[in-house]
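Survey of secondary and tertiary structure
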Amino acid sequence: MSPSRAPAPKKSEGRSSSRRSVTPRSHASAEDPASTREEGEQVLGVSGLGFVGVAMAIAFAHYGHRVVTYDVVDARRAAIAEGRAPFFDPGLQEELTAAVESGRLKVAKDREELFRKASVLFLCLPTPPRPDGSVDTSFLEEEAARLGKLLARAEGWRLVVVKSTSPPGTSQKIEKILARESGKKPGRDFSVACNPEFLAEGSLVADALEPSRIVIGVGDAKSERALRESYRGFPGAVVVLPPAAGELVKYASNALLAVKVSFANEMARLAERIGVDVYPVMEAVGMDPRLGAHFLRAGPGFGGSCFPKDLRGLVAFAHHRGVAMPVTDGALGVNETQARHVVDLTESALGSLVAGREVALLGLAFKSGTDDVRESRAFPILGELLKRGALVRLHDPKALEVFRRSLPPAVAAAEDRQLRFCTSVEDALRGASLALVQCDWPEYREVPLTLWKQLKDRLVVDARRSVNGPALERAGVHYAAVGLGQE
Ligand code: UGA
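Below is a summary of the structure that appears in this document. Treat the numbers as computed from the prediction; the structure is a model and nothing was measured. (Residues numbered from 1 in each chain as written. Predicted model: local features only at pLDDT ≥ 70, side-chain atom pairs only at ≥ 80, totals over all residues. Heavy atoms only, no water.)

1. Description of the overall build of the chain
- Secondary structure assignment for the chain yields 20 helices and 14 strands.
- Taking 487 residues into account, the globule formula puts the C-alpha radius of gyration at 23 Å, and the chain, at 24 Å, falls close to it.
- Each principal axis of the C-alpha atoms in the chain carries an extent, and together these give about 75 × 50 × 45 Å.
- Sorting the 487 residues of the chain into buried and exposed places 56% on the buried side.
- Of the roughly 19800 Å² of accessible surface on the chain, a fraction of 56% belongs to carbon and sulfur atoms. (Helix = DSSP H or I, 4+ residues; strand = E, 2+ residues; numbered from the N terminus. Rg over C-alpha atoms; globule rule 2.2 N^0.38 Å. Buried < 20%, exposed > 50% of the residue type's maximum accessible area, 1.4 Å probe, protein only. Areas by Shrake-Rupley, 256 points an atom, 1.4 Å probe, with all protein chains shown as cover.)

Take a look at the structure:
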């Protein structure tokens, strides 16, 4: 996930679908940890109020810590100060309200105030990709340079924690910049640590409140103590590693999850060819606890702000060090061809080309439960449909507008001739030839059979197993799906 997206924000599948719902805790009870806190206890700072920064600030406050936050975007600071969630994620608004009302979550008016008040400062800033796929850490570096100037005048030890997903060695780089700009000594006057996040969109708050593990990459005992104290009250084991190892955990985790998805998609292609349904196959595979049940759902491929970017970043990082990454590269390769595969599957189910046909493309977000369209597989699927001459009607219950705004100019130019934006599923389906479901929004499962039956070619292609295929077949609508071999 890219931690801070300003002005727009950030995180369901697999992991989150099995996570519990978030029950906001009471923040005003007599046993409230904050009411027993002593003055002078460490205050936690969060710089960057994107998905990660907001979720973590809320979680720290939830467990009774005092948190001061800051973002360069005025509107973002104002929203948090007023307790208004700046983006949608389940439970976020409720937890933010509770955190602000408890008085434990504050917003600093400037960076100086943030740095003066916080003794442990979490940097939740973006680490976008460069054109060659490598990771751009300049937001972190520039922030470190500014903080270094503040550190020069500061009293007392500070811990700066890199929370952003950043390549191994980044914390060390940040330490050097802070030392250079402040003239102070690492280890004695300040320390730098890393603490990767594992929050998924759609379950940000639940993931922040109940982490599967807390990884801290530290170089000295004082930093370890401060970070352990920052996570006082949180469930989840604390794993202590050297900083570069901590940084690598994040990339290895995302890469392995993405490898599982691409593997499921590779198996899906084989299953389609031999007349087997890959879903029960992967469910049975996932029952082996050594393999794990999550991230084995075949679909249109992985998208979002994290997997594609992080895998490319990892491959570029390794490549610069002369290390080949064939497994990670392979996962990216399968992903890049999956959109074309979905359209091939559509044409094969149709028994004809899509050229000149009206295709309802349902679901534009990169996964359900979010309006985030970054690296959504809807983009390459749309590109492929347009290239093959289809007329496309687009629908998403939450992400229609943001998808429209994110279209590359060349594609947006097709709006008059080949594209139509539909604000209701009815509008998308009525008069269309066929439907292609890219995202498993619950709404699509609720579409009445009478509407599906109006499709001129009576065909639904489901890239996510979102709709009831057998019911469609019984109603005389042909149902094809990724990984569903037709005997
Ligand atoms: C991912 C990780 O799950 C988080 O642990 C991590 O913190 C985050 O990246 C990050 O680096 O910040 P996220 O990108 O929000 O979180 O979404 P996921 O739920 O992991 O889904 C990623 C993509 O894989 C989506 O396109 C999803 O539809 C796809 N997917 C997932 C499948 O196609 N099949 C599956 O079985 C699971």
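2. A closer look at the nonpolar core
- If you look at the biggest cluster of nonpolar residues, it comprises 64 residues, and the most contacted ones within it are L362, L382, L394, L429 and W452.
- Ignoring anything within four residues of it in the chain, the contact list for L429 reads A360, L362, R393, A435, V447, L451, W452 and L455.
- Residues F51, A61, V205 and L227 belong to the second largest nonpolar core, which totals 40 residues. (Core = buried A, V, L, I, M, F, W, Y, C linked by side-chain atoms within 4.5 Å. Contact = heavy atoms within 4.5 Å.)

3. Things to note about helix 11 (residues 307–320)
- The terminal C-alpha atoms of helix 11 lie 20 Å apart, and with 14 residues this matches the ideal 20 Å at 1.5 Å per residue to within 8%.
- Taking burial as the measure, the 14 residues of helix 11 include 11 buried ones, the bulk of the element.
- Listing the buried residues of helix 11 in full gives F307, P308, K309, D310, L311, G313, L314, V315, A316, F317 and A318.
- The secondary structure elements touched by the buried residues of helix 11 are helix 9 (243–274) and helix 12 (326–350). (Expected span 1.5 Å × (residues − 1).)

4. So, the state of the cysteines
- Scanning the model with the defined rule gives 0 disulfides in all.
- The thiol of C124 is unpaired, and the distance to the nearest cysteine sulfur, on C194, comes to 13 Å. (Disulfide = S-S within 2.5 Å.)

5. What to know about the environment of V238
- Within the secondary structure layout, V238 lies in strand 8 (residues 237–241).
- Each C-alpha atom, one on V238 and one on I214, is 4.6 Å from the other, the two residues being 24 residues apart in sequence.
- The contact partners of V238, leaving out residues within four places of it in the chain, are I214, I216 and R228.

6. Some words on unusual backbone geometry
- A positive phi angle, close to 55°, is found at E375, a residue other than glycine.
- Within the secondary structure, E375 sits in the loop between strand 9 (358–362) and helix 13 (378–387).
- Here the phi dihedral of R465 falls at roughly 55°; this positive angle occurs in a residue that is not glycine.
- With respect to the element layout, R465 can be found in the loop between strand 13 (459–462) and helix 20 (469–474).

7. Some details on the sheet that holds strand 9
- Taken together, 6 strands build an open sheet; the order of strands is 11-10-9-12-13-14 and the sheet is parallel. Either end of the sheet is taken by a strand with one partner, and the two such strands are strand 11 (419–421) and strand 14 (478–481). With direction set aside, neighbouring strand axes in the sheet form an average angle of 20°.
- As judged from the 4 bridges shared by strand 9 and strand 12 (residues 434–437), these two strands associate in the parallel manner. Each residue of the ladder has a partner; that of L361, found in strand 12, is L436.
- Sheet contacts for helix 12: strand 12, strand 13 and strand 14; angle to strand 13, the most-contacted strand, approximately 155°. (Pairing = 2+ DSSP bridges. Axes fitted to C-alpha atoms, helices over the stretch in contact; angles between N-to-C directions.)

8. Some remarks on the packing of aromatic side chains
- Under the counting rule described, the total for this entry stands at 10 aromatic pairs.
- Centre to centre, the rings of F51 and F87 are 4.3 Å apart; their planes meet at 65°, and the pair counts as edge-to-face. With F51 in helix 1 (residues 51–62) and F87 in the loop between helix 2 (74–81) and helix 3 (92–101), this pair connects stretches of sequence that are 36 residues apart. Of the two residues, F51 and F87, both sit in the buried class. (Phe/Tyr/Trp six-rings, centres within 6.5 Å; stacked < 30°, edge-to-face > 60°.)

9. Overview of the pairing of strand 10 (residues 391–395)
- Counting buried residues in strand 10 gives 4 out of 5 residues, a clear majority hidden from the surface.
- Relative to strand 10, strand 9 is paired through 5 bridges, and the arrangement is parallel. Bridge pairing in strand 10 places L361 opposite L394.
- Each parallel crossover has a hand, and for strand 9 linked through helix 13 to strand 10 it is right-handed.
- Strand direction decides the pairing type here: strand 10 and strand 11, joined by 3 bridges, are parallel. Note that in strand 11 the partner of L394 across the bridge is F421. (Right-handed = clockwise from strand over helix to strand, strands pointing away.)

Keep in mind these numbers describe shape, not what the thing actually does.
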